[in-house]
Amino acid sequence: MGERILSDMAKGLLHLIYPDLCAGCGTDLVGTKELICLECLESLPLTNFHLHQNNPVEKIFAGRLSVRAASAYVYFTKQSAMQHILHQIKYKNNKELGYYFGRKMGSALRQSAFYDDVSALVPLPLYFKREKRRGYNQAKLICDGMAEVMSIPVLDQVVQRKSASETQTSKNRKERWENINGKFQLTGAEAIAEKYILLVDDVVTTGATLEACGIELLKAPHLDLGIVTLAYTSS
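What you are looking at is a predicted structure, and each value in this text was computed from that prediction instead of being measured.

Description of the packing of aromatic side chains
Piece 1. All told, the structure shown has five aromatic pairs when counted by the stated rule.
Piece 2. Aromatic pair F49 and Y232: ring centres 5.7 Å apart, planes at 75°, arrangement edge-to-face. With a gap of 183 residues between them, F49 in the loop between α2 (38-42) and α3 (56-61) and Y232 in strand β6 (residues 224-232) connect regions that are remote in the sequence.
Piece 3. Given the relative accessible area of 15%, Y232 is considered buried.
Piece 4. Between Y100 and F101, the ring centres sit 5.2 Å apart and the planes meet at 80°, which makes this aromatic pair edge-to-face.
Piece 5. Of the aromatic side chains, those joined through ring pairs into one cluster are F49, Y75 and Y232.
Piece 6. The residue whose ring lies beneath R68 is Y196, and the NZ or CZ to ring-centre distance is 4.0 Å.

This is the structure in structure tokens:
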């Protein structure tokens with residue numbers, strides 16, 4: 001009994017020093033193992049794009065890239081809980097949060113006939129120096145979570161980013177395309193030939209980067225390509 005009391009006291013002290021905070025709003029997550037609070041979880045702006053053809057993400061690529069299906073899990077808006085969540089996944093080394101949302105995305109896709117025969121997941125690659133500096137690729141984290149639920153492999157070596165590019169944030173669609181066109185190289189065509197694969201990233205805006213990578217992936221023989229992102233934001 002005494003050891004249990006001491007253990008509970010130690011856990012309480014540790015929580016005071018390193019509190020578990022909601023990734024969305026920053027509130028204290030007392031007595032739960034969840035990564036975001038119930039209020040943020042219930043208010044996630046789900047798109048349900050995965051259930052509908054000709055959704056806004058598919059329209060981004062219409063006439064530009066041959067995709068079998070495309071969708072995003074949530075809407076993104078500035079100064080929202082999702083902005084805080086994405087920032088932690090992308091820049092704050094919150095790998096567990098990437099897995100968490102990957103699993104949610106995988107569960108959603110399993111409910112859609114448009115994704116029921118996907119063979120593999122391909123994370124959008126980072127330039128190797130950027131990935132080394134960051135320590136991880138956030139798209140790979142999301143893929144790992146999706147793969148756990150969907151029971152399919154993650155193929156993170158079939159396409160590479162050949163060179164670095166400037167940040168896309170402040171660029172318009174034409175500038176984004178000029179910045180990223182030709183920056184990818186297919187290195188594992190045999191691993192994806194004749195398969196239905198999903199190219200995965202954290203956010204889609206104009207789709208320029210995903211389009212450039214998708215064009216390279218489609219050099220693999222008889223490939224069916226789908227695109228899925230965690231968040232969608234209009235340009």
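A word on helix α10 (residues 208-217)
Piece 1. Taking burial as the measure, the 10 residues of α10 include nine buried ones, the bulk of the element.
Piece 2. Within the span of α10, buried status applies to A208, T209, L210, E211, A212, C213, G214, E216 and L217.

Thoughts on the environment of F114
Piece 1. Relative to the elements of secondary structure, F114 occurs in the loop between α5 (95-109) and β2 (120-123).
Piece 2. With a relative accessible area of 27%, F114 lands in the partly exposed category.
Piece 3. In this structure, the C-alpha to C-alpha distance between F114 and H50, residues 64 residues apart in sequence, is 7.4 Å.
Piece 4. Aside from chain neighbours lying at most four places away, what touches F114 is H50, L51, H52, Q53, A69 and Y196.

Focus on the nonpolar core
Piece 1. Membership of the largest hydrophobic core comes to 38 residues, with the highest contact counts inside it found for I36, L97, F101, L121, M146, L198 and L230.
Piece 2. Those elements giving two or more residues to this core turn out to be β1 (69-75), α4 (81-91), α5, α7 (138-150), β5 (196-204) and β6.
Piece 3. If you tally residues by element for this core, the top one is α5, at six residues.
Piece 4. Aside from chain neighbours lying at most four places away, what touches L198 is L109, Y115, V118, A120, L121, V122, M146, G226, I227 and V228.
Piece 5. In this structure, F61, V159, I197 and L210 belong to the second largest nonpolar core, which totals 30 residues.

Section: α5
Piece 1. The end-to-end C-alpha distance of α5 is 21 Å, a good match for the 21 Å that 15 residues give at a rise of 1.5 Å each.
Piece 2. Turning to α5, the residues buried within the fold contact α2, β1, α4, α7, β5 and β6.

Examining unusual backbone geometry
Where the residue is not glycine, phi is negative for most of them; where a peptide bond is considered, it is trans in most cases.
Piece 1. Positioned with a positive phi, N48 is a non-glycine residue whose angle comes to about 60°.
Piece 2. Along the chain, the position of N48 falls in the loop between α2 and α3.
Piece 3. Of note, the phi angle at N93 is positive, near 60°, even though the residue is not glycine.
Piece 4. With respect to the helices and strands, N93 occurs in the loop between α4 and α5.

Some thoughts on the confidence of the model for the protein chain
Piece 1. Looking at the protein chain as a whole, its pLDDT mean stands at 87, while 86% of the residues score no less than 70.
Piece 2. Every residue in residues 5-18 scores below 50 in pLDDT, and together they form four contacts with partners more than four places removed in sequence or on other chains.

Regarding the side chain of T47
Piece 1. Looking at the element boundaries, T47 is found in the loop between α2 and α3.
Piece 2. Judged by its relative accessible area of 9%, T47 falls in the buried class.
Piece 3. One polar contact links the side chain of T47 to the main-chain amide nitrogen of F49, over a distance of 3.1 Å.
Piece 4. Non-local contacts of T47, meaning those with residues more than four positions away in its chain, are made with A72, Y73, V74 and Y75.

Considering the pattern of salt bridges
Side-chain pairs of opposite charge can arise whenever the charged atoms involved come near each other.
Piece 1. By the definition in use, this model includes seven salt bridges.
Piece 2. Between D144 and K140 there is a salt bridge, with the nearest N and O atoms lying 3.0 Å from each other. Taken together, the positions of D144 and K140, both in helix α7 and four residues apart, correspond to about one turn of that helix.
Piece 3. Residues K219 and E216 are paired through a salt bridge, measuring 2.9 Å at the closest nitrogen-oxygen approach.
Piece 4. Three or more residues are tied together by salt bridges with common partners; here these are R68, D117 and D224.

The rules we used
Residues numbered from 1 in each chain as written. Predicted model: local features only at pLDDT ≥ 70, side-chain atom pairs only at ≥ 80, totals over all residues. Heavy atoms only, no water. Phe/Tyr/Trp six-rings, centres within 6.5 Å; stacked < 30°, edge-to-face > 60°. Helix = DSSP H or I, 4+ residues; strand = E, 2+ residues; numbered from the N terminus. Buried < 20%, exposed > 50% of the residue type's maximum accessible area, 1.4 Å probe, protein only. Lys NZ or Arg CZ within 6 Å of the ring centre and 35° of its normal. Contact = heavy atoms within 4.5 Å. Core = buried A, V, L, I, M, F, W, Y, C linked by side-chain atoms within 4.5 Å. Expected span 1.5 Å × (residues − 1). pLDDT = per-residue confidence, 0-100. Polar contact = N/O pair within 3.5 Å; in protein donor to acceptor, adjacent residues only side chain to side chain. Salt bridge = Lys/Arg side-chain N within 4 Å of Asp/Glu carboxyl O.

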